[in-house]
Amino acid sequence: MAIIHHTTLSPTKLELLTGWLPLRPWYRGAEGSAQLEKAGGFRLDDPEGEVGVEFMVAADTSGEEPVAYLVPLTYRGAPLEGAEAGLIGTLEHGVLGTRWVYDGAHDPVMVEQLLALLAGRTSAQAQGETDTPDPTVEVRAEGAGVRPGLTGPGKVGDTGAGTEILVGPPGQDGALTLTLTRVLRPGAAAGEGLLGQVLAGWSAPGGAEQRGVFASLRG
């Protein structure tokens, strides 16, 4: 169970993301610094209690139209070996000290817990509260559903709208594709090979409530 500490962060999460987001291939905002505000999200618990896992929605108003981005983040007390490509930066936590912040697509704890969520073996937690389920997060099983025992990440690659992560049973890495929807849009996923999807809500600039796919699994 993750314990949520209401304390200071230096720099803040949004300050870290302001420099990182515009460098992503799926970024749609204006050139230069993003103008970000927190717009929603949820958490997943690390069974070992060591890694913080947060699915943050950051709304950017720097372009002609606001865009909501999904940024899954993991927080660690030490660097994650082999995940240098996913390091966003470090911050100082008022209680826990230095935390290494990663793009969760490159962190096996986030990937494994997201797969567990899709398989119905764990539940989404409220973004800012300790030990509080978030019933607004919906998991839909499609077709044959999500098999237990999937592992990842394998190869991680960005597209113009998301991040694709190869996952699979032990010894068969890459059998399935786990997709994070980086540029959020309202509505559900559909199409061939869909095994499961996670839908959740966020607030658009101005206060309008939106709901769409955060992640999906296809095979």
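Everything quoted here is computed from the prediction, not taken from an experiment.

Definitions and limits used
Residues numbered from 1 in each chain as written. Predicted model: local features only at pLDDT ≥ 70, side-chain atom pairs only at ≥ 80, totals over all residues. Heavy atoms only, no water. Core = buried A, V, L, I, M, F, W, Y, C linked by side-chain atoms within 4.5 Å. Buried < 20%, exposed > 50% of the residue type's maximum accessible area, 1.4 Å probe, protein only. Helix = DSSP H or I, 4+ residues; strand = E, 2+ residues; numbered from the N terminus. Contact = heavy atoms within 4.5 Å. Pairing = 2+ DSSP bridges. Axes fitted to C-alpha atoms, helices over the stretch in contact; angles between N-to-C directions.

1. Points about the nonpolar core
- Ranked by size, the top nonpolar core spans 35 residues in total, and within it Phe42, Phe55, Leu114, Val167, Leu178, Phe214 and Leu217 carry the most contacts.
- Counting residues per element, the ones that place at least two in this core are β2 (36–44), β3 (52–60), β4 (67–76), α2 (108–118), β9 (162–167), β10 (176–181), β11 (194–203) and β12 (209–218).
- Look past the residues within four positions of Phe214 in its chain and what remains in contact with it is Phe42, Val57, Leu70, Thr179, Leu180, Thr181, Leu184, Val198, Ala200, Gly201 and Trp202.
- The next biggest cluster of nonpolar side chains, apart from the first, holds 18 residues, and it includes Leu16, Leu17, Tyr69 and Ile88.

2. Comments concerning the sheet that holds strand β8 (residues 156–158)
- Strand order across the open sheet formed by six strands is β7-β11-β12-β10-β9-β8, with antiparallel pairing between neighbours. Two strands close off the open sheet at either side, each with one partner strand: β7 (138–141) and β8. Each strand of the sheet is rotated relative to its neighbour by a mean of 20 degrees, with strand direction disregarded.

3. Quick word on the pairing of β3
- When you tally the buried positions in β3, you get nine out of nine residues, the bulk of the element.
- Residue alternation in β3 divides its side chains into two sets, Gly52, Glu54, Met56, Ala58 and Asp60 and Val53, Phe55, Val57 and Ala59, and both sets are buried.
- As judged from the eight bridges shared by β2 and β3, these two strands associate in the antiparallel manner. Its bridge partner being in β3, Lys38 is matched across the sheet by Ala58.

Treat this as a map of the structure, not an account of what it does.
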